[in-house]
Each structure stands twice: as structure tokens, then as C-alpha cells.
Amino acid sequence: MSAVTQEMDAALATPAQREVLKRIDAQRERLHARRLALQQARALKDSTSPHVDAGAPLPVRLITFAKLHPVAVAAALGLALAAGPGKLIRLAGVVLPIVMRMRR
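Sequence positions are assigned chain by chain, starting from 1 and proceeding in written order. Whole-chain, interface and lining totals are the exception, using all residues; otherwise, since this is a predicted model, local features are given only for residues with pLDDT of at least 70 and side-chain atom pairs are given and counted only at 80 or more. Neither water nor hydrogens contribute to the side-chain values; these are computed over all heavy atoms in the structure.

1. Digging into the overall build of the chain
To keep things clear, this is the line we draw: The numbering of helices and of strands both runs from the N terminus, where a helix is a DSSP run of H or I of at least 4 residues and a strand a run of E of at least 2.
Along the backbone of the chain there are five helices and zero strands. Reading the helices (α) and strands (β) of the chain from amino to carboxyl end gives α-α-α-α-α.

2. Focus on helix α4 (residues 70-83)
For an α-helix, 3.6 residues make a turn, and residues three or four places apart therefore share a direction. Under the convention used in this document: What a helix is expected to span follows from its residue count: subtract one and scale by 1.5 Å.
With 14 residues, α4 extends 20 Å between its outermost C-alpha atoms, agreeing within 8% with the 20 Å of an ideal straight helix rising 1.5 Å per residue. The first or second residue beyond α4 is Gly84, which carries a positive phi of 95°.

3. Quick notes on a nonpolar patch on the surface
The condition that has to hold: A patch is a set of surface residues, each over 30% in relative accessible area and not in a salt bridge, joined within 9 Å for like charges and within 5 Å for the nonpolar side chains Val, Leu, Ile, Met, Phe, Trp and Tyr. Computed with the Shrake-Rupley method and a 1.4 Å probe, the accessible areas treat only the protein chains shown as cover for residues. A side-chain nitrogen of Lys or Arg and a carboxyl oxygen of Asp or Glu constitute a salt bridge if their distance falls within 4 Å.
A cluster of nonpolar residues, Leu88, Leu91, Val94, Val95, Ile98, Val99 and Met102, forms a patch on the protein surface that exposes about 610 Å² of accessible area. Inspection of the secondary structure assignment puts Val94 in helix α5 (residues 85-103).

4. Some details on the confidence of the model for the chain
Put simply, the rule is: For every residue, the pLDDT score states the predictor's confidence, bounded by 0 at the bottom and 100 at the top.
Residue-level pLDDT values for the chain average 84, and 88% of them are 70 or greater. Per-element mean pLDDT across the chain ranges from 60 in helix α1 (residues 3-11) up to 91 in α4.

Structure (C-alpha cells):
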């Protein structure tokens, strides 16, 4: 029996007051369930060791790598910005065929 139910019985509340107390009780239960869910999510996040899953799709692997190595990603982006779009397109034209051959 919840505290609100006890309050309803003890106070002999009017129907309008009972309705408010029921809403308060429902909100307390929702907040409690939300708090438990957040605690479980944090515990699950903390328990997983950070690594890049080789079987994951490429965007997921890139995001995971970026989270694990933010300085390296920032340095690579800085070099890309400094090189400019023309050099990046020429470099991609050289590197992409090599990478595609390696994937086979």
C-alpha cells in the first residue's frame, strides 16, 4: 500500500482530492521507474568495455573510433581542412581503389 493510498484512507478526502492524490501517486511511480531505467542504462554503459566491433557497420565503427580517439579524429579533420577539397578528392582517387582491393 503506497503512502498516497494511506493518506487517502486517513484523510477521508473528497473525490476531487482523491483524484489529485491518485495522479500524484502515478507520477511518483513513473519517476521511480524512470530513475531505475536510467540507473540500469548507466550500469550497462559502464560495464561494456570500449572497443570497436569489427562486425559492426562502417558508420558505427567510425563513430566508436571517434569516441575512443577524439584527438586523432580532430587532427585528421584539421589536416583535411588544411589540405582543401581539391587535394582531398585527388587523394581519395588514389586511396579508394587501394582500399577496395584490400577489402576483397
